[in-house]
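# Examining the three-dimensional arrangement
For reference, the chains in residue letters:
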Amino acid sequence: MNNLSVNGGGNQLFAKPTIGRSEYGRVKVALAPGKGLMDWLRLTTNKHLAKRVTGGVDHVELMKHDKEDDCWVHLFGRVYDVTKYLEFHPGGIPELLRGAGRDATPLFNQYHAWVNYESFLKACLVGPFIGDLTKLPPPLPPTTSEDTNKLGLPPSASSLFSTDPSENGFGSRLEFLENGISIEHDDWTGLTEQNVVVSLLTTSVKTSINTSGEESSEERARLRILIHHFWKPAMEFEFEANSELLGQTFDLKIEKNRVELQFPGFQNSKIREILSREKCKIQRRPGVSYHAFRITNVFRLNHDTMVFSLKAPEHTIYRIPMGHHVSVKVRKGNAVLYRPYTPIASSNPRHLDLMIKIYPDGICTPSLENLKIGDELEISDPIGEKDFTGWVENSQQLILLAAGSGLTPMINILERRIQKTSGGDSEVYLLMFNKTEEDIQTTSPEEDVKNLWKLGDYWKENEGNQKIVLRNILSAPKTEESEHQLHGRVSGDLLQSIIATSSGARRAFICGPDGFIMAAKNALDTLNISSDHVHIFQG
């Protein structure tokens, strides 16, 4: 692994070398040995690295801490001392210093909206912010030498400065069909329905203003197509809003490197006028957009966990690739907060579920608990770039280790595994770690929703199955009521007592709190599973 090297000084820092881009398109740098995710977890678990300020931090005090050896940032009403985290930042030290002594919330929302910062940075908390946000300077411009947007402009503006020879098409080709359009790109190989989000949403557009200052507007519809290809930069195609698109239906067809959209109610001449290349803004690595999903059902899974069934807006096709996640906007008074969740997919391209643990004293989840059927919840585009299909479908033995709400990404993985390998010799183990029996998530106490919970069905259908093994494991001491349950904590001995030995290919996924992640990784080491064959879901 290359070491991180930094050239320049002051505000002219550039990190190198780069090793790729994150899910949001931000440049990643090669971190020094011992500065990875697991190293940060070891350093911070059950520790506090920052000096607490009991009375809070105002804007004057925050702005003093704007250097590499003394770096404080503001995030969502709290101040963190991230000095010791700088060397662990995947985007490089200079990128994180853009928010030093400043409000780093806009940067966080742009690149890391899915990250559970309260958990990840809890060891760095200084205290609440009690100053005036308007007095804080904005974040500094991007510093990475590979960033095409060095001016710090929003993605829509930065795309105008592209030197791409295809005039900002970034190699894509838009062609007309008899009653629709097609978009293709030579770099798109093996596109599937999971890689495409399409929305045709109604919007209000100002059309004129009279001498009295009164504005006139009209409803129009805007077509947006997002291609988030595995391992490649996402591309967004957004057409000018047009009133003739209102109420139109469309059919989506996907072939390898090509996306086709057919509008049965349109003729070719109208398509050429409304969806011409000149009326299409194309962005590469766009910022995430949010979709207003409607809550169609809510039920309680256990004493502190709820499941929200959601439906996408009309004229929207939206699917979540396996192992990917979303950012959810949570409105609390006048504030807008963001939380990461992994949706549970549905066979219907407009439906998904969110399993959410409610914390009575939490910042966000009490607001979510109050949501009712018919309310809306804003869900981001899918976030992620990895394709886990090969691991899930082709490994001889698949091991899923989840603690608490870390179960959510495992449900889609389990479903895919069962669908693709049922009847074969391969094995899958889903081990769900919780504290007490009342925390278990495989069944619901509500009789009328038992058939709505996907995992509950798998739990009942595979009882006693030696190839599809699902186990609840409790860390609390045994009681008379829980004597029939497995008890223990994640460890090598525990895994070896449940998981059969195998000479075939083995892959593992881990999701849960920091301490659990470390213990689970150590336990997998005793099974001789290489770190290259273990994926950790952060959050």
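This text gives an overview of the structure that appears in the document. (Residues numbered from 1 in each chain as written. Predicted model: local features only at pLDDT ≥ 70, side-chain atom pairs only at ≥ 80, totals over all residues. Heavy atoms only, no water.)

Assigned secondary structure in the chain consists of 13 helices and 30 strands. Here the chain holds 539 residues, and the buried ones make up 50% of them. Accessible area of the chain: about 25,100 Å², with a carbon and sulfur share of 47%. (Helix = DSSP H or I, 4+ residues; strand = E, 2+ residues; numbered from the N terminus. Buried < 20%, exposed > 50% of the residue type's maximum accessible area, 1.4 Å probe, protein only. Areas by Shrake-Rupley, 256 points an atom, 1.4 Å probe, with all protein chains shown as cover.)

Sheet strands associate in pairs through backbone hydrogen bonding, adopting either a parallel or an antiparallel arrangement. Strand order across the open sheet formed by four strands is 5-6-7-8, with antiparallel pairing between neighbours. At either end of the open sheet lies a strand with only one pairing partner, and these are strand 5 (66–67) and strand 8 (125–128). Sheet topology note: the strand 5/strand 6 (residues 70–75) ladder contains two bridges and is antiparallel. Looking at strand 6, one finds that lysine 67 is bridged to aspartate 70. (Pairing = 2+ DSSP bridges.)

This next bit is on the sheet that holds strand 22 (residues 344–345). Read across the sheet, seven strands follow the order 21-20-24-17-18-23-22 without closing on themselves; strand pairing throughout is antiparallel. One side of each edge strand has no neighbouring strand; the edge strands of this open sheet are strand 21 (335–341) and strand 22. As paired elements, strand 20 (residues 326–332) and strand 24 (residues 376–380) share two bridges and run antiparallel to each other. In the sheet register, lysine 329 faces strand 24, and the bridge partner there is glutamate 378.

Moving on: the packing of helix 1 (residues 37–44) against helix 13 (residues 514–525). Contact geometry of helix 1 with helix 13 gives a least axis separation of 10 Å together with a crossing angle of 120°. The orientation of helix 1 with respect to helix 13, classified from their angle, is oblique. Relative to helix 13, the crossing made by helix 1 is left-handed. Across the interface between the two elements, Met38, Leu41 and Arg42 from helix 1 touch Asp514, Ile517, Met518 and Lys521 from helix 13. Here the residues of the contact of helix 1 with helix 13 are counted per class, giving four nonpolar, no polar and three charged. (Axes fitted to C-alpha atoms, helices over the stretch in contact; angles between N-to-C directions. Parallel < 35°, antiparallel > 145°, perpendicular 65-115°, else oblique. Left-handed = near helix turned anticlockwise from the far one by under 90°. Contact = heavy atoms within 4.5 Å. Nonpolar A, V, L, I, M, F, W, Y, C, P; charged D, E, K, R; others polar.)

Attention now moves to the pairing of strand 21. The buried fraction of strand 21 is high, at five of seven residues. In the sheet, strand 20 pairs with strand 21 via seven bridges, with the strands oriented antiparallel. If you follow lysine 332 over to strand 21, its bridge partner there is alanine 335. Here strand 20 hands over to strand 21 after two residues, with glycine 333 in that stretch at a positive phi of 65°.

The subject of this paragraph is the environment of glutamate 483. Among the secondary structure elements, glutamate 483 is positioned in the loop between strand 27 (468–474) and strand 28 (486–487). Counting along the chain gives 46 residues from glutamate 483 to glutamate 437, while the straight-line C-alpha distance between them is 10.0 Å.

Time to look at helix 10 (residues 408–421). With 14 residues, helix 10 extends 21 Å from end C-alpha to end C-alpha; this agrees with the ideal 20 Å at 1.5 Å per step. For helix 10, the tally of buried residues reaches twelve of 14 residues, placing the bulk of the element in the interior. Buried within helix 10 we find Thr408, Pro409, Met410, Ile411, Asn412, Ile413, Leu414, Glu415, Arg416, Arg417, Ile418 and Thr421. (Expected span 1.5 Å × (residues − 1).)

Turning next to helix 13. Taking 1.5 Å per residue, twelve residues should reach 16 Å; helix 13 reaches 17 Å between its end C-alpha atoms and fits that length. Listed in full, the buried residues belonging to helix 13 are Asp514, Phe516, Ile517, Met518, Ala520, Lys521, Ala523 and Leu524.

Quick look at the nonpolar core now. Counting residues in each nonpolar core, the largest one holds 47 residues, and the members touching the most others are Leu75, Tyr80, Leu310, Leu354 and Ile379. Each residue touching leucine 310, except ones within four places of it in the same chain, is listed here: Phe293, Arg294, Ile295, Thr296, Arg350, His351, Leu352, Asp353, Leu354, Leu377 and Ile379. Listed in part, the 28 residues of the second largest apolar core include Phe299, Val307, Val392 and Leu398. (Core = buried A, V, L, I, M, F, W, Y, C linked by side-chain atoms within 4.5 Å.)

Secondary-structure assignment places leucine 252 in strand 14 (residues 251–255). Separated by 72 residues in the primary sequence, leucine 252 and glycine 180 place their C-alpha atoms 10.0 Å from one another.

Moving on to the pattern of salt bridges. All told, the structure shown has 27 salt bridges when counted by the stated rule. Two residues, glutamate 95 and arginine 98, come together in a salt bridge whose shortest N-O distance is 3.0 Å. Judged by relative accessible area, arginine 98 falls into the buried class, the value being 5%. For arginine 258, the salt bridge is made with glutamate 175, and the minimal N-O distance between the two is 3.9 Å. You can see arginine 258 sitting in strand 15 (residues 258–262) and its partner glutamate 175 sitting in strand 9 (residues 173–176), a full 83 residues away along the chain. Classification of arginine 258 by relative accessible area gives buried; the value is 16%. Several salt bridges share partner residues, and in doing so they unite Arg173, Glu175, Glu184, Asp186, Arg258 and Glu260 into one network. (Salt bridge = Lys/Arg side-chain N within 4 Å of Asp/Glu carboxyl O.)

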